[in-house]
Amino acid sequence: MADCSADFGSFEELAMPLFARLYNFAHWLTQDRAAAEDLVQETYMKALRGFSSFRQGTNFRAWMYKILRNTFLTTQTGLKAFASVSLDSDDDNTAEPAAAETPESVLLARVEQETIQNALEELPVRFREIILLCDLEEMSYQEIGETLAIPMGTVMSRLSRARKAMRELLAVKVQGASR
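On a predicted model such as this, the values are computed, not experimentally measured, just so you know. (Residues numbered from 1 in each chain as written. Predicted model: local features only at pLDDT ≥ 70, side-chain atom pairs only at ≥ 80, totals over all residues. Heavy atoms only, no water.)

Student: Got a sec to walk through the packing of helix 3 (residues 19-30) against helix 5 (residues 60-74)? Specific residues and values, please.
Tutor: Put simply, helix 3 and helix 5 touch, their axes get as near as 11 Å, and they point 25° apart. Between helix 3 and helix 5, the crossing angle belongs to the class labelled roughly parallel. The way helix 3 lies across helix 5 gives a crossing that is right-handed. Residues R21, L22, F25, A26, L29 and T30 of helix 3 pack against M64, Y65, L68 and F72 of helix 5. Residue composition of the contact of helix 3 with helix 5, by class: 8 nonpolar, 1 polar and 1 charged. (Axes fitted to C-alpha atoms, helices over the stretch in contact; angles between N-to-C directions. Helix = DSSP H or I, 4+ residues; strand = E, 2+ residues; numbered from the N terminus. Parallel < 35°, antiparallel > 145°, perpendicular 65-115°, else oblique. Left-handed = near helix turned anticlockwise from the far one by under 90°. Contact = heavy atoms within 4.5 Å. Nonpolar A, V, L, I, M, F, W, Y, C, P; charged D, E, K, R; others polar.)

Here it is as structure tokens:
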């Protein structure tokens, strides 16, 4: 009898391509590099231990994100639900300016990026995670539903409410900046 894992790939073949995206999602959730690293490490340990229970033909990416999310929600960081939000960023992921950009346009782009990031950080976790999964991770509604263990209708309505809350936060920030 052949090894069934050969039919759909080894854990390493399936999981390693997701590493950077899982870390990015973890960093958005935790707002802390060390906590994100710990969260991803714990996710991979749990996934490896439970890989034998992964069902062939199901969505491996959604399975990994679900493990990460559940691990986050059961940790002290997740339970606190961001009582404090750091405005300092250790990320070096800021967009580099194109050669034709002026210093003013670079500054405006960074201010816009920071405004969006700060508004996203202010959202409740359930809104933040759905925006991140849909818009940054580019998951389908079905994948998001599998990841968050919610029906597709709930995905759509929660995403709509999250985007509305994001628009309202951004409008307040823009009005505050123009005064």
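After that view of the structure, there is still more to cover.
Student: Any chance you could break down the side chain of R61 for me, citing the residues and the numbers?
Tutor: Tracing the backbone shows R61 in helix 5. A polar side-chain atom of R61 sits 2.6 Å from a polar atom in the side chain of E143. (Polar contact = N/O pair within 3.5 Å; in protein donor to acceptor, adjacent residues only side chain to side chain.)

Student: Got a sec to walk through the environment of Y44? Specific residues and values, please.
Tutor: Relative to the helices and strands, Y44 is located in helix 4 (residues 33-50). For Y44, a relative accessible area of 11% translates into the label buried. A C-alpha to C-alpha distance of 9.4 Å links Y44 and M16, two positions 28 residues apart in sequence. Non-local contacts of Y44, meaning those with residues more than four positions away in its chain, are made with F11, A15, M16, L18, F19, L22 and M64. (Buried < 20%, exposed > 50% of the residue type's maximum accessible area, 1.4 Å probe, protein only.)

Student: So what about a nonpolar patch on the surface? Which residues, and what values?
Tutor: A surface patch of nonpolar side chains, about 260 Å² in accessible area, is lined by Y141, M152 and M156. With respect to the secondary-structure elements, M152 resides in helix 10 (residues 152-178). (Patch = residues over 30% accessible without salt bridge, like charges linked within 9 Å, V, L, I, M, F, W, Y side chains within 5 Å. Areas by Shrake-Rupley, 256 points an atom, 1.4 Å probe, with all protein chains shown as cover. Salt bridge = Lys/Arg side-chain N within 4 Å of Asp/Glu carboxyl O.)

Student: Account for the pattern of salt bridges, with residues named and values stated.
Tutor: Scanning all chains against the criterion turns up 5 salt bridges. One salt bridge in this structure joins R61 and E143, with 2.6 Å as the shortest N-O distance. Highlighted residues: R61 in helix 5 and E143 in helix 9 (residues 141-148), separated in sequence by 82 residues. Assessed through its relative accessible area of 19%, R61 is described here as buried. Two residues, E129 and R69, come together in a salt bridge whose shortest N-O distance is 2.9 Å. Of this pair, E129 sits in helix 8 (residues 125-136) while R69 sits in helix 5, and the two are 60 residues apart along the sequence.

Student: Can you break down the nonpolar core residue by residue, with the values?
Tutor: Ranked by internal contacts, the top residues of the largest apolar core, which has 41 residues, are F60 and M64. Looking at this core, the elements that each hand over two or more residues are helix 2 (11-15), helix 3, helix 4, helix 5, helix 7 (103-122), helix 8, helix 9 and helix 10. Setting aside residues no more than four positions away along its own chain, M64 makes contact with F11, A15, L18, L22, T43, Y44 and A47. (Core = buried A, V, L, I, M, F, W, Y, C linked by side-chain atoms within 4.5 Å.)

Student: Quick one: what's the story with the environment of A20, residue by residue and with numbers?
Tutor: With respect to the helices, strands and loops of the structure, A20 is situated in helix 3. Given the relative accessible area of 55%, A20 is considered exposed. Measuring from C-alpha to C-alpha, the distance between A20 and V40 comes to 9.6 Å, with 20 residues separating the pair along the chain.

Student: Requested: an account of the confidence of the model for the protein chain, with residues and values cited.
Tutor: Where the model shows low pLDDT, its predicted coordinates should not be examined in detail. Taken residue by residue, the protein chain gives an average pLDDT of 80. The fraction at 70 or more is 78%. This stretch, residues 1-7, has a pLDDT under 50; its non-local contacts, to residues over four places away or in other chains, come to 2 contacts. Across residues 81-99, confidence stays below pLDDT 50; counting only partners more than four residues off in sequence or on other chains, it has 23 contacts. (pLDDT = per-residue confidence, 0-100.)

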